[in-house]
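# Summary of structural features
These are the residues of each chain, in order.
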Amino acid sequence: RGEDEIAATGKISPHAETLPLPLIAMNGAFGLDEDEFEDAFGFTKPSMDETIVFSCKAGIRSYQAAQFAAMAGYSSLINYTGGADEWFR
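This structure is a prediction, so every number in the text was calculated from the model and none was measured. (Residues numbered from 1 in each chain as written. Predicted model: local features only at pLDDT ≥ 70, side-chain atom pairs only at ≥ 80, totals over all residues. Heavy atoms only, no water.)

What follows concerns the pattern of salt bridges. Evaluated as defined, the whole model comprises 2 salt bridges. As a salt-bridge pair, D85 and K57 come within 2.9 Å of each other at their nearest N and O atoms. Note that D85 is positioned in helix α5 (residues 83-87) and K57 in the loop between β1 (52-54) and α4 (60-71), a separation of 28 residues in sequence. The partly exposed category is assigned to D85, whose relative accessible area is 34%. The class of K57 is partly exposed, set by a relative accessible area of 41%. (Salt bridge = Lys/Arg side-chain N within 4 Å of Asp/Glu carboxyl O. Helix = DSSP H or I, 4+ residues; strand = E, 2+ residues; numbered from the N terminus. Buried < 20%, exposed > 50% of the residue type's maximum accessible area, 1.4 Å probe, protein only.)

Rendered as structure tokens:
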């Protein structure tokens, strides 16, 4: 989700990190090493065996983000298809 969306509704969870799809795509986020990732995004890069849950407003961008993670070798991926639209109802 974009920063504007987070500002409007808040985070889905206080444990959720925000990494908008354009940043994932432009920076090759999941291909960065741990230090580069943390320097670029301000939080620890998920480990390859960690389960990552992707969310966005309605499930479309989160699906694309999960695909970028899969291409980088991540395999335990969940796309929360209801997105913030469902969560904040």
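It is worth spelling out the packing of aromatic side chains at this point. The description of two aromatic rings rests on the distance between their centres and on the angle between their planes. Applying the stated criterion across every chain, the model contains 5 aromatic pairs. Plain terms: the ring middles of F30 and Y74 are 5.5 Å apart, the flat faces sit at 70° to each other, and that makes the pair edge-to-face. Of this pair, F30 sits in the loop between α2 (21-27) and α3 (34-41) while Y74 sits in the loop between α4 and β2 (77-79), and the two are 44 residues apart along the sequence. Owing to a relative accessible area of 4%, Y74 belongs among the buried residues under this scheme. Aromatic rings pair up to connect F30, F54 and Y74 into one cluster. (Phe/Tyr/Trp six-rings, centres within 6.5 Å; stacked < 30°, edge-to-face > 60°.)

Two or three places before D35, at the start of α3, stands the capping residue D33, its side-chain oxygen 3.1 Å from that residue's backbone nitrogen. Of the residues trailing α3, G42 is marked for its positive phi of about 80°. (Polar contact = N/O pair within 3.5 Å; in protein donor to acceptor, adjacent residues only side chain to side chain.)

In this section: α4. Its 12 residues give α4 an end-to-end C-alpha distance of 17 Å, which sits within 8% of 16 Å, the value for a rise of 1.5 Å per residue. Those residues of α4 that fall on the buried side of the exposure criterion are S62, A65, A66 and A69. End-on view of α4: buried residues confined to an arc of 100°, all on one side of the axis. Residues of α4 that are exposed and point more than 90 degrees away from the buried face comprise I60 and M71. Among the structural elements, α2, β1 and β2 are those in contact with the buried residues of α4. Positioned one or two residues after α4, G73 has a phi angle of 105°, which is positive. (Expected span 1.5 Å × (residues − 1). Arc of directions from axis to C-beta. Contact = heavy atoms within 4.5 Å.)

Before going further, it helps to examine a negative patch on the surface. A contiguous patch of negative charge, built from D33, E34, D35, E36, E38 and D39, is present on the exposed surface. By secondary structure assignment, the location of D33 is in the loop between α2 and α3. (Patch = residues over 30% accessible without salt bridge, like charges linked within 9 Å, V, L, I, M, F, W, Y side chains within 5 Å. Areas by Shrake-Rupley, 256 points an atom, 1.4 Å probe, with all protein chains shown as cover. Lys, Arg positive; Asp, Glu negative; His and termini not counted. Charge placed at Lys NZ, Arg CZ, Asp CG, Glu CD.)

Quick look at the side chain of K45 now. In this fold, K45 is placed in the loop between α3 and β1. Despite being buried, K45 has no salt bridge partner; E34 is the closest side chain of opposite charge, sitting 5.1 Å away. Of note is the side chain of K45, whose polar atom sits 2.3 Å from the backbone oxygen of L32. When neighbours within four sequence positions are excluded, K45 is seen to be in contact with A29, F30, G31, L32, D33, E34, F37 and Y74.

Such coordinate-based values are descriptive only and should not be taken to indicate function.
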